[in-house]
Every structure is written in C-alpha cells, then in structure tokens.
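Observations on the three-dimensional arrangement
For reference, the chains in residue letters:
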Amino acid sequence: MPQEKRRRFDAERDESPSSPWAGLQADALGVVLRFLPSLADRARVRSVCRNWRAASYGRGVAPPLPVLVMPRFRFAGMTPGGVLTATARRAWMPPEVDADRADCVGSSGAWLVGARQLGGECFLVNAFSHVVLHLPRLGDSDHSHWACSLRKVALSGSPESGPKCIVAAFAFCRSKPELALWRPGMKAWRVWQHSLIAGHIDMAFYQGKLYMLWRFSPSLFVFEIAEDEHGVKFSRMKDCLLEKLLPIPLGSNHVLSCNMVEWRGRLLLIIRYYGGYLVRHRVLKVEVFAMDFSTKPISLTEIHSFGGDCIFVGSGGCKSFPAGQYRGVEGDLIYFVPDHYNPHDAFVYNMRDGKTRLIVEPLPQRICAPVQSLGFPVWLFPPE
C-alpha cells in the first residue's frame, strides 16, 4: 500500500468509534495468525486497525505461504489447500520500477529482481516496503548494455545485509551467455565468459560458493569467489562430473529438466523426465537427490520425502518452505511453474505417491502459456 494512502487509512481508523476488538491481546492475535497461512488473510487482519497491525509483527509466527508474481507484477496468492487463486491482483510498485515495461526475473525473501531488457538496466525492489536498489547496467564495461538480456539472478543473502549480499547474474550480452557478480559498493559487474556457460542454466549459492547447473543435462559446475580492490570476482571454475553419478535415463528419446534448491542445509538436485522435445509438457517422472560435496567425487542420495516441507521451482529460483508448520497445509509437494526451458509446466508433484495435479483450477492462460517477452512467473516468499 502506498505510504500516503496508508496514512489516510490509519487516520480514518483512528477516528472510528472505539471497539473492544482493538484491545485484543498481542499473544491472542498471534494464535489467530497461526491459523491464517495465506498472505491475503493476514493482510486483512492487519488492516483492521493500527493496534492489530503493530501487534501482528514479531509474534514468532511462521512466514505466510508463498506468492506467485506474474508478468507486470501481478500477485497470485495460495490458499491453505495448497492451490493458487485463479485471480492475480496488480501490486502497487514505485513509479521508478515502471512495472509495465519491466520483467521480474528473480526473488530473494521479500525482494524482487527486475530488469528492463532493452537497456541492460536491473534493480532490486522490496515488494512490501517498496525500497528500490539500482544495480549497475549489464554490459556497461564495453558499452553493449543495449544488447543485454538478463535471464536469471541468485542472491547470497538479503540485500539489507549490505556488502555481505552478493548478486550473481546470468545474461545474454550480444547473443553470448555470461555470468556476472556484483555486491553493494561496486561500480560495475565482474563478468565471466566460458564455453561451458550454457543457454539454459540454474544457479544457487551454497556454502559460500556459486553452483551452476545445466538445465537440459545434469552437468554441475562450482565457482569459487574471491575479493580484490574492485570487489568480488570469480576465481576458479570446477566441473563436479555430476552426469557420471546419475542412473541411466529412461530412454534415448527422453529429455531432462534439472533444478537445484537448498533444503535443511543440503543442496538438492531435482530432475524432471519428459517424453521428448515435442511432448515436453508430459512429465514421466520426477527424481530428487541430495548432493554431498564432502566426498570425492561428490555422492548422491535419492530422497522421497521433505519431512513435511514443500519445494517451489520457477525461473526466479527454487526454495523450500516449512508447510508442516501449518495445520491443513499438505507437505512433501513440489510446485512447478513455467520458465524459459519449460514454458508449459504448471503442476504439483507429490513426493509420497508420485502423482501430479494442476497447480490451480481452472488453469489461467497467463500461467500455463506465458508470453516470453513479458517474462515468466516468479515465486515470492514474504518474511511474515
């Protein structure tokens, strides 16, 4: 809610007749919030009055369910039943974001990563406080930012942590894929170009290193990060030889789609098997492996349960969520939404029985078949 509108809203609330509900004890309100995992329901509680809004924060309540950010910054919430609402509402964004012309390409906590693809401009915006942090233009080092397209971003921590937050970007500059690093205080990106940087990748920070995974083939690379007088930079790249450790694929005509996610201190590999390039929307199988980097070579252990947690997979990154903390919210599910490599994927996979279902019914066209020029859905994880 814009700040000016919020001030008027509070003034109207303060002028309203007093109600015994306004004096509800903070502990009692915390109990109520535990039964409201939906972000929209919690927002309604906080809109009752200033006292309720102040008392609702810092109550030790588990974070609300994730929100799916559609193109043009439209938000679709999740119900306690684990399905998306069919209606996506336009979220207010600061004018400098220019939501109609910007793509949302990633997220970290309450922060969204936006980009205007034609000019190489990119920024971070807090979806709730509306603070905007501008990043250097991609390609500025050789004045090629007009030919840069940002595809994916990973953050090592919250932007609020200052220099401790490292931003890794995957972009196409003059039709060539490249990786870049930046952190607050740096004037430009530090770029790494290599023939092994594929056109479709997944990225994740894990234990101080950046991992890059090929989406179409289970090849994993790890980058060590160093510092110098200009900031952070890539110091070394190593092939983890992951493809040699996986079981034989289902068949020669099958294709893969791979992702990574950190779950309870472990880095997981998620593989979707499809019936072929022409029928990529038909998922045959999903496998999940925990990767152990303490052994040489690394080792894999297949897992069949998340201990009640859920995993959310999308173009803006993957993240685990403690669904088991809520009564009535099913766990051990993987939520998939479309991305550049799988433009028609929008389903939920059950780790317990191997079954799939639609992520929302009826399935909106804007979810199942997004227009690439408008970007793809991104998961957002509100802090409370």
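For the structure itself, look to the data block above.
Rules used throughout
Residues numbered from 1 in each chain as written. Predicted model: local features only at pLDDT ≥ 70, side-chain atom pairs only at ≥ 80, totals over all residues. Heavy atoms only, no water. Helix = DSSP H or I, 4+ residues; strand = E, 2+ residues; numbered from the N terminus. Buried < 20%, exposed > 50% of the residue type's maximum accessible area, 1.4 Å probe, protein only. Contact = heavy atoms within 4.5 Å. Areas by Shrake-Rupley, 256 points an atom, 1.4 Å probe, with all protein chains shown as cover. Polar contact = N/O pair within 3.5 Å; in protein donor to acceptor, adjacent residues only side chain to side chain. Pairing = 2+ DSSP bridges. Phe/Tyr/Trp six-rings, centres within 6.5 Å; stacked < 30°, edge-to-face > 60°.

Attention now moves to the overall build of the protein chain. A count of helices and strands for the protein chain gives five helices and 25 strands. Within the protein chain, the fraction of its 384 residues that count as buried is 52%. Nonlocal contacts in the protein chain, meaning residues at least 24 apart in sequence, comprise 50% of its contacts between residues at least 6 apart. When the accessible surface of the protein chain is split by element, carbon and sulfur atoms take 53% of a total near 18,200 Å².

For the rest of this paragraph, the subject is unusual backbone geometry. Trans peptide bonds make up the majority, and among non-glycine residues the majority have a negative phi. The peptide bond linking lysine 296 to proline 297 adopts the cis configuration, its omega dihedral lying at 0 degrees. Note on placement: proline 297 falls in the loop between β18 (283-292) and β19 (299-302). With a phi close to 50 degrees, glutamine 207 is a non-glycine residue in the positive phi region. Relative to the helices and strands, glutamine 207 is located in the loop between β12 (201-206) and β13 (209-214). The class for glutamine 207 is exposed, based on a relative accessible area of 62%.

Moving on: the side chain of asparagine 259. Along the polypeptide, asparagine 259 turns up in strand β16 (residues 255-263). Of note is the side chain of asparagine 259, whose polar atom sits 3.5 Å from the side chain of arginine 215. A distance of 2.8 Å separates a polar atom in the side chain of asparagine 259 from a polar atom in the side chain of arginine 272. Once residues within four sequence positions are removed from consideration, asparagine 259 is found in contact with Asp202, Leu213, Arg215, Leu268, Leu269, Ile270, Arg272, Val313 and Cys318.

As paired strands, β13 and strand β14 (residues 220-228) are joined by four bridges and run antiparallel to one another. Within the sheet, the bridge partner assigned to tyrosine 211 lies in β14 and is valine 222. Taken together, the eight bridges between β14 and strand β15 (residues 231-239) define a ladder with antiparallel strand orientation. Paired with glutamate 224 across the two strands is arginine 236, which belongs to β15. Hairpin connection, β14 to β15: the antiparallel pair is bridged by two residues.

Structurally, serine 158 can be placed in the loop between β8 (148-155) and β9 (167-173). Placed 49 residues apart in sequence, serine 158 and glycine 109 show a C-alpha to C-alpha distance of 7.1 Å. Those residues in contact with serine 158 that sit more than four places away from it in its chain are Trp111 and Cys165.

Before going further, it helps to examine the packing of aromatic side chains. A full pass over the atoms with the stated rule returns 18 aromatic pairs. With a centroid separation of 6.4 Å and 45 degrees between ring planes, the pair formed by tryptophan 182 and tryptophan 189 is classed as tilted. We classify tryptophan 182 as buried; its relative accessible area is 9%. Residue tryptophan 189 is classed as buried on the basis of its relative accessible area of 9%. Here phenylalanine 312 and phenylalanine 321 contribute two aromatic rings whose centre-to-centre distance is 6.3 Å and whose plane-to-plane angle is 90 degrees, an arrangement assigned as edge-to-face.

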